[in-house]
Amino acid sequence: MAKKIAVFKSNSGDNRARTTLVRTYQSPLTGPNVENPLRSSKYLTSAGFALLLGLMVALMATATSRLNAINKNLKAIVSLHNQKMGLVWEMRHVGRERYILLHRLLTTRDPFVRDELIQQFDEQASRFVTAREGLHAGELTPRERELLARSLKLARQSQAVQNRIVELVTEERLDLAHSLLLREAVPIQKRLYDQLNEVVAHQQQQTRQAEQEAEDAYRSALGFILVIGASFLIVGGVVATYVIRRSARIEADLHGEKELAQVTLHSIGDAVITTDAQGRITFMNPVAEHLTGWYGPKALAAPLQSVLQITAEASGEPLFATFDPLGLGASPGEWHESARLTSQDGRVYSIELAASPIRDPGSRTIGAVLVLHDVSRARELSQQLSWAASHDTLTGLINRTEFERKLGQLLQDARSRKREHALCYLDLDQFKVVNDTCGHMAGDALLRQLAALLEERIRSSDTLARLGGDEFGLLLEGCTLEKAGQVAETLRDVVSGFRFSWDNKPFDVGVSIGVAPIKAASESVNSLLSTVDAACYVAKELGRNRVHIYQPDDQELSRRAGEMQWSQRLSQAIREDRLQLHAQRIVPLQEGDRAPAHAELLVRLIDESGRQVPPMSFIPAAERYGLMPTLDRWVIRSVLERLARLGALPENTLYAINLSGQSLGDPKMLGFILDQLDATGLAPERICFEITETAAVANLRAASRFINTLRGIGCRFALDDFGSGMASFGYLRQLKVDYLKIDGRFVKNMRHDATDRAMVHAINDIGHVMGLRTVAEWVEDEETLALLRGMGIDYAQGYAIHRPEPLAPAAGRLPGAPPSIPAARADGTRRLAP
């Protein structure tokens, strides 16, 4: 089934910025900078035309209403006036008819005709009354009522005269009737006509007034229509002007947006492709042309899937065979990290891809925009960094971190599948000789050659790593301990048979190898490394260039493990301040010698249960694991602060502090001592530093600088365990010390061993010749003390004189023997910690 792009996932740190870029690439019709103006213009234009339509409707409704009112009013007035005019004309007609009937009565001699005329005369009178009453029943103005009242009065007078004329005619008194008609009836009738004419004239005036009012109303309505029409034209003009200007501005904005988009799309470093709703390409920027290998015009209208050949980086499967913008979500797609793009010319790029729909103002999808970010260089650098993070750059082997991870996997495999594997720890012998003799470049070359040599002799399933310095680790998968021992011997033989040459100087190297099994019962990665490291250390202690295989009852490994535990316990004791200072007196032996009193300050460890631990339990571990400088710093700081707090010290008392060989080689130790002396304010003349002969000879240059600097400010120095070295007398001239402390192993048996006695005598003589005071250690009985006094030894120290005691926090004097026996130092052990 063809896959459609929906979303693309990624953890890239620039995803949000590129998602914003996708939004920027959307159609100008839907972009964030254009959508709001278009929408507001749409609303404003609609509102303007709605207003115009409303004004037109209002205009038509108002005009129609006004015209209807005018027409209705005019009809009512015309109807009323016509009615009145008809009634008035009816009254006039009746009056005229009655007058005519009277005249015929006077000229007719036929009685029957005369009776008919009289009947008609009476009917006309009824018609007059009906018209008059109809007129009175209507709406009359005060003027009309006044005129009608006059007419009524004249009508009554005329009625009386006419009735009299009818009676005279009936009595055949025609001459008198004719005379009365001419003398009274005609004038009254004439006045009645005049009144009625006046009413008609008034009615005509009312009609003209109504016409004028109708005309005024029409003009008012016409004016209102003209005003509304003018308003309509003004509003229409404003709306049209706004629409024209707004459209022009939007057109300019769209042009600017288009120009900006075109410049941006041609300038950015990402490939941008747009499609229509059918997935056909409508635009490609130059970067897209470069990545796809397609020329823009040729790609236009082509299906996207024919131009973009995108596959998953891990599986190689196509990410999509067809592309449907309608399948995209509403928001821009997320990034897909593991994608590869194959261009038309066959080049392959690592890319990050994002897709987003393009929508019209109606939110219908009309296309899509795709952004492709070329991450080939970044992916290459990432792979290089990933390789560098797990490999040693010098040898190309995996490093310690990766080795421990693989060791953890083998340990898990041993637990889950009950398989046995083996772990080897390789430490080169004589590597320091090559490094010190020929320099680091030679040492690096040696490591590279040995790494390649060892890799050739192991299986493809095995793992060789450089753990640091000249140390290597080897994981033997599916290998028993016995077989691992054979492999280790083979590797040892290979290294022993290798001859390294640098600048025509040949070197022989060897390797000490520790071997340990990886079983389901193994505790952890750290415990395995600790075990195999201890096995390698035992191999070195047993003579180097050998293989030592771990055994559960291995005494050497048990001792080594004990030292490792003591190193941890000592570090914790230092952090928790569970160390304690002791003091042992050193006494002058010759009578009358006014030499200053001595006291050697020693250290003891208080364990977790509060018991005191002798120094020989933790000093070897401190020396093995490089903790002596830390321990020496604690002693120096504590001693100087304690003595400074005591204030008034016994006169001329000298306090001896032991320094290890590691401290002599520590470039920061001298500055630390000077800072502590300056901070506490203690007189340097009160301090004597003891260093062993072997440590001084091993670090002769550093020891000489160290001694000269501190002696220059008043400190004293004693050379401890003198005589234990092979070249003691040869180096003695180069060390500016004040005291020689004869090795206690000579002193301890000098009563029974003439050689030891002669050695003590010789050291004392040479020391005196060089102007040095001598101190005999390990004095454990009075006979030895007497022999030493007889030889002229200056000082003695040992259990026969004083056993070490805690240095009280506020003691005003040294602990121990009475004042007549000044002081000494002896533990029955080799030189203790400071």
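Residues numbered from 1 in each chain as written. Predicted model: local features only at pLDDT ≥ 70, side-chain atom pairs only at ≥ 80, totals over all residues. Heavy atoms only, no water.

Asks: Hey, could you run me through a nonpolar patch on the surface in this one?
Replies: Residues L67, Y218, L222 and L226 make up a contiguous nonpolar surface patch of roughly 370 Å² in combined accessible area. As for its placement among the helices and strands, L222 is situated in helix α5 (residues 174–267). Here L222 falls in the partly exposed class, since its relative accessible area comes to 36%. (Patch = residues over 30% accessible without salt bridge, like charges linked within 9 Å, V, L, I, M, F, W, Y side chains within 5 Å. Areas by Shrake-Rupley, 256 points an atom, 1.4 Å probe, with all protein chains shown as cover. Salt bridge = Lys/Arg side-chain N within 4 Å of Asp/Glu carboxyl O. Helix = DSSP H or I, 4+ residues; strand = E, 2+ residues; numbered from the N terminus. Buried < 20%, exposed > 50% of the residue type's maximum accessible area, 1.4 Å probe, protein only.)

Asks: Any chance you could explain the state of the cysteines here in plain terms?
Replies: By definition, a disulfide links two cysteine residues through a covalent bond between their sulfur atoms. Under the definition given, this model contains zero disulfides. Residue C424 stays outside any disulfide, its sulfur separated by 7.6 Å from that of C479, the closest cysteine. You can call C479 buried: its relative accessible area is 4%. (Disulfide = S-S within 2.5 Å.)

Asks: I keep staring at the packing of aromatic side chains and nothing clicks. Help me out?
Replies: Centre distance and the angle of the planes are the two values used to describe a pair of aromatic rings. Under the criterion given, the structure shown has five aromatic pairs. Measuring from centroid to centroid gives 6.4 Å for F500 and W502, while their planes differ by 15°, and the two rings are stacked. Under the relative-accessibility criterion, F500 is labelled buried at 1%. By relative accessible area, which is 24% here, W502 ends up partly exposed. Consider the rings of F706 and F717, whose centres lie 6.2 Å apart with planes at 85°: the pair is edge-to-face. (Phe/Tyr/Trp six-rings, centres within 6.5 Å; stacked < 30°, edge-to-face > 60°.)

Asks: When you look at the packing of helix α4 (residues 142–170) against α5 in this model, what are you seeing that I'm missing?
Replies: Running from N to C, α4 and α5 point in directions that differ by 160°, and their axes come no closer than 9 Å. When the axis of α4 is compared with that of α5, the two are roughly antiparallel. Note on packing geometry: the crossing formed by α4 with α5 is left-handed. Among the residues making up the contact of α4 with α5, the classes are represented as 18 nonpolar, nine polar and seven charged. (Axes fitted to C-alpha atoms, helices over the stretch in contact; angles between N-to-C directions. Parallel < 35°, antiparallel > 145°, perpendicular 65-115°, else oblique. Left-handed = near helix turned anticlockwise from the far one by under 90°. Nonpolar A, V, L, I, M, F, W, Y, C, P; charged D, E, K, R; others polar.)

Asks: Sorry if this is basic, but what is going on with the pairing of strand β14 (residues 579–588) here?
Replies: One face of the sheet, then the other: side chains in a regular strand alternate in exactly this way. Burial runs high along β14: eight of the ten residues are buried. Relative to strand β15 (residues 598–606), β14 runs antiparallel, the two sharing eight bridges. Within β15, the residue paired with Q584 across the bridge is E600. Note that β14 and strand β23 (residues 805–806) share two bridges and pair antiparallel. Among the inter-strand pairings, H582 is bridged to a residue of β23, identified as P806. (Pairing = 2+ DSSP bridges.)

Asks: Looking at this structure, I do not really get unusual backbone geometry. What am I missing?
Replies: Despite not being glycine, Q430 has its phi angle at roughly 70°, a positive value. With respect to the secondary-structure elements, Q430 resides in the loop between β7 (421–429) and α11 (431–438). Of note in the backbone geometry, W778 takes a positive phi value of approximately 60° without being a glycine. In this structure, W778 sits in the loop between β21 (773–776) and α25 (782–791). Residue classification places W778 among the buried positions, given a relative accessible area of 14%.

Asks: Is there a simple way to think about the pattern of salt bridges in this case?
Replies: For side chains bearing opposite charge, pairing can occur when the charged atoms are close. Overall, the coordinates contain 29 salt bridges when judged by the stated rule. Here E380 and R377 are joined by a salt bridge, their closest N and O atoms 3.6 Å apart. With E380 and R377 both in helix α9 (residues 376–390) and three residues apart, the pair spans about one turn of that helix. Among the residues examined, E380 registers a relative accessible area of 38% and is labelled partly exposed. For R544, the salt bridge goes to D429, with nearest N and O atoms at 3.6 Å. With R544 in the loop between α14 (525–541) and β13 (547–549) and D429 in strand β7, this pair connects stretches of sequence that are 115 residues apart.

Asks: How should I be thinking about the pairing of β7 in this particular structure?
Replies: Counting buried residues along β7, nine of its nine residues qualify, which places the element largely inside the surrounding structure. Neither face of β7 is exposed, since H421, L423, Y425, D427 and D429 on one face and A422, C424, L426 and L428 on the opposite face are all buried. Of the pairings in the sheet, the one linking β7 to strand β12 (residues 510–518) comprises nine bridges and is antiparallel in character. Across the sheet, the residue bridging to L426 is I513, located in β12. In this structure, β7 lies alongside strand β9 (residues 471–476), joined through six bridges in antiparallel fashion. Along β9, the bridge assignment pairs L426 with F472.

Asks: How should the environment of G485 be read in this particular structure?
Replies: Mapped onto the elements, G485 comes out in helix α13 (residues 481–496). Under the relative-accessibility criterion, G485 is labelled buried at 8%. Sequence spacing of G485 and A422 is 63 residues, and the spatial spacing of their C-alpha atoms is 9.1 Å.

Asks: What am I meant to see in the sheet that holds β12 here?
Replies: The strands making up a sheet associate through backbone hydrogen bonding, with each pair oriented either parallel or antiparallel. Taking strand neighbours across the sheet as the criterion, the five strands line up as β8-β9-β7-β12-β13 in an open arrangement whose pairing is mixed. Of all the strands in the sheet, the pair left with one neighbour each is β8 (463–468) and β13. Shown here is a sheet whose adjacent strand axes are inclined to one another by a mean of 20°, direction ignored. Taken strand by strand, α13 contacts β7, β9, β12 and β13, and its axis lies near 165° from that of β12. (Contact = heavy atoms within 4.5 Å.)

Asks: How should I be thinking about the side chain of T692 in this particular structure?
Replies: Examined against the element boundaries, T692 turns out to sit in strand β18 (residues 687–692). Overall, T692 belongs to the buried group, its relative accessible area being 18%. In this structure the side chain of T692 is engaged in a polar contact, spanning 3.2 Å, whose partner is the backbone nitrogen of A695. (Polar contact = N/O pair within 3.5 Å; in protein donor to acceptor, adjacent residues only side chain to side chain.)

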